[in-house]
Amino acid sequence: MSSIINIQIWSDIMCPFCYIGKRRLESAIAQFEFKNAVTVEWKSFQLDANFVATKEDSLVEHLAEKYRKDTDWAQQMLDDMTQNAKNAGLDFHFEKAKMANSYNAHRLLHLAKEKEVADSLKELLFKAYLTDGLDINNIAVLTALGKEVGLEEQSVNSVLSSDRFGDAVRKDQQEAQAIGVQGVPFFVLNNKYAVSGAQYPETFLNALKQIWEEVENTSINTEADNSCCGIDGCN
């Protein structure tokens, strides 16, 4: 069966709710009767395109400073998010997280998209940052992850040693701005329905069913859970 439902997802590797949202969407698709008619297209979004990481960066201290709270508050926020991840079958280890600029990872994702392995690479990038504590802006790390999903090392090196796909990253982010994306993950189904945040599987499943049945709604009610990350942080 050819693709009938296309889901575009704007997300950032540095966004924990984006990984949770990926799992919840996958759960919904698995339950959808016409799952073989669904395709997923990953779109680039950077929560902080100008971020420059240093070895001294601490995620807890970064969050505390960003929200103007103390470090105990920031740690509790991470603990709560870790529990949310467990409920989605994920294992977050923020104590190992290495903060990084995700620009190069997004460029590599566009190469993976060209080779039809973007979903596999996106999964590995999320796991690398949120579970394994790897630097997703490190060339050696990106090269290894690219090779793991079947990308040729020469092609990976060609991308990472240049600004190839930089225009594609910027285009995705311009598209996000044009349609009013304020935080990620942000899902657009068939260029018609928008779902914002790491919604529960039931919300995604209902959206898929509505589209399949060609219900003439202009929007889908997604008020149940608005868990997402924006330029000002995660909610």
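Scroll up to find the structure this text is about.
Residues numbered from 1 in each chain as written. Predicted model: local features only at pLDDT ≥ 70, side-chain atom pairs only at ≥ 80, totals over all residues. Heavy atoms only, no water.

**Looking at the pattern of salt bridges**
Where charged atoms from two side chains of opposite charge approach closely, those side chains can pair. The test is simple: Salt bridges are defined as contacts in which a side-chain nitrogen from Lys or Arg sits within 4 Å of a carboxyl oxygen from Asp or Glu. A run of DSSP states H or I qualifies as a helix once it reaches four residues; a run of E qualifies as a strand once it reaches two. Both are numbered from the N-terminal end. Buried, partly exposed and exposed residues are distinguished by accessible area as a fraction of the type maximum, computed with a 1.4 Å probe on protein chains only: under 20%, between the cut-offs, and over 50%, respectively.
If you walk through the whole model with that rule in mind, you get 14 salt bridges. Between Lys22 and Glu123 there is a salt bridge; the shortest N-O distance is 2.8 Å. Of the two residues, Lys22 sits in helix H1 (residues 16-31) while Glu123 sits in helix H5 (residues 118-130), which places them 101 residues apart along the sequence. Relative accessible area serves as the criterion here: at 18%, Glu123 is assigned to the buried category. For Lys127, the salt bridge is made with Asp132, and the minimal N-O distance between the two is 2.9 Å. Accessibility expressed as a relative area gives 31% for Asp132, which makes it partly exposed.

**Side note on the side chain of Gln199**
Threshold: In the analysis that follows, any N or O atom pair within 3.5 Å is treated as a polar contact, provided that within protein one partner can donate a hydrogen and the other can accept it, and provided that, for residues neighboring in sequence, both atoms belong to side chains.
As for its position among the elements, Gln199 is in the loop between strand E5 (193-196) and helix H9 (201-212). Looking at Gln199, the relative accessible area reads 0%, which means it is buried. Within polar-contact distance, the side chain of Gln199 engages the backbone oxygen of Ser196 at 2.5 Å.

**Let's talk about the pairing of strand E4 (residues 186-189)**
The criterion, for reference: Pairing between strands is defined by DSSP: at least two bridges between the two strands are required.
In E4, alternate side chains face the same way, and those of Phe186 and Val188 on one face and Phe187 and Leu189 on the other are all buried. Examined bridge by bridge, strand E1 (residues 5-11) and E4 share four bridges and lie antiparallel to one another. Its bridge partner being in E4, Ile7 is matched across the sheet by Leu189. Looking at chain direction, E4 and E5 are connected through four bridges and run antiparallel. Within E5, the position partnered with Phe187 by the bridge is Val195. Where E4 hands over to E5, the hairpin turn is made up of three residues, of which Asn190 adopts a positive phi near 55 degrees.

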